[in-house]
Amino acid sequence: MLEYSYSPTGEKFQLPEPEDYPKEYERLKDLVNRQRTLGREIVLVMGVGFVGAVMAAVVADAEDGKGNSTKYVIGMQRPSPRSFWKIPLINRGLSP
């Protein structure tokens, strides 16, 4: 059964289903492994609401003395009808 999360503006986003999880896990593992080869630390921010989204952005801006990124930030949100809409908006470059 398909479930949806609705943004405050009423936009509808389909929630991931259990069969989607293994593919997403593999995608994240590949991303993390690539970033580690570049010497970046992996940071996971759980919850990308008002505080988490800002925290993720601040950490992602961390640089070494030469201006190179030192962190790779992954923002996660529970796949719940109440809050999952934040992920697609952030992926568009919009703050929740």
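Given the structure is predicted, the values throughout are model-derived calculations rather than measurements. (Residues numbered from 1 in each chain as written. Predicted model: local features only at pLDDT ≥ 70, side-chain atom pairs only at ≥ 80, totals over all residues. Heavy atoms only, no water.)

S.K.: Tell me about helix H1 (residues 21-37), and please be specific about residues and values.
M.R.: Because each turn of an α-helix spans 3.6 residues, side chains separated by three or four positions in sequence point in the same direction. Taking 1.5 Å per residue as the helical rise, H1 with its 17 residues ought to reach 24 Å, and the 24 Å between its terminal C-alpha atoms agrees with that figure. Of all the positions in H1, only Leu28, Leu31, Val32 and Gln35 are classed as buried. Buried residues of H1 fall within an arc of 95° about the axis and therefore sit on the same side. For H1, exposure combined with an orientation more than 90 degrees from the buried face picks out Pro22, Lys23, Arg34 and Thr37. (Helix = DSSP H or I, 4+ residues; strand = E, 2+ residues; numbered from the N terminus. Expected span 1.5 Å × (residues − 1). Buried < 20%, exposed > 50% of the residue type's maximum accessible area, 1.4 Å probe, protein only. Arc of directions from axis to C-beta.)

S.K.: Residues and numbers for the side chain of Ser5, please.
M.R.: Mapped onto the fold, Ser5 is located in strand E1 (residues 4-6). For Ser5, the side chain forms a polar contact with the main-chain nitrogen of Phe84, separated by 3.4 Å. Those residues in contact with Ser5 that sit more than four places away from it in its chain are Glu11, Lys12, Phe13, Leu15, Ser80, Pro81, Arg82, Ser83, Phe84 and Trp85. (Polar contact = N/O pair within 3.5 Å; in protein donor to acceptor, adjacent residues only side chain to side chain. Contact = heavy atoms within 4.5 Å.)

S.K.: So, the pairing of strand E4 (residues 71-76): which residues are in play, and what are the values?
M.R.: Note: strand E3 (residues 41-46) against E4, six bridges, orientation parallel. From the neighbouring strand, Leu44 faces E4, where its bridge partner is Ile74. The parallel pair E3 and E4, bridged by helix H2 (residues 50-60), forms a crossover whose chirality is right-handed. (Pairing = 2+ DSSP bridges. Right-handed = clockwise from strand over helix to strand, strands pointing away.)

S.K.: Any chance you could break down the layout of surface pockets for me, citing the residues and the numbers?
M.R.: Taken as a whole, the largest pocket spans an internal volume of roughly 910 Å³. Forming the walls of the largest pocket are 31 residues, and the residues nearest its centre are Glu24, Arg27, Gly75, Met76 and Ile87. Of all the secondary structure elements, the ones that give two or more residues to the lining of the largest pocket are H1, H2, E4 and helix H3 (86-91). Ranked by residues supplied to the lining of the largest pocket, first place goes to H1 with seven residues. (1 Å grid on protein atoms, 1.4 Å probe; cavity = no way out; pocket = protein on both sides within 12 Å on 5 of 7 lines; lining within 4 Å. Points joined across faces, edges and corners; volume = space filled by probe spheres on them.)

S.K.: Talk me through the environment of Glu26; I want residue IDs and the actual numbers.
M.R.: Structurally, Glu26 can be placed in helix H1. Take Glu26: its relative accessible area is 39%, and that puts it in the partly exposed class. C-alpha separation for the pair Glu26 and Met46, spaced 20 residues apart in sequence, amounts to 19 Å.

S.K.: Tell me what's going on with the packing of aromatic side chains, and back it up with residues and numbers.
M.R.: What the rule picks out here adds up to zero aromatic pairs. If you follow Lys12 out to its NZ or CZ, it ends over the ring of Tyr4, 4.2 Å from the centre. (Phe/Tyr/Trp six-rings, centres within 6.5 Å; stacked < 30°, edge-to-face > 60°. Lys NZ or Arg CZ within 6 Å of the ring centre and 35° of its normal.)

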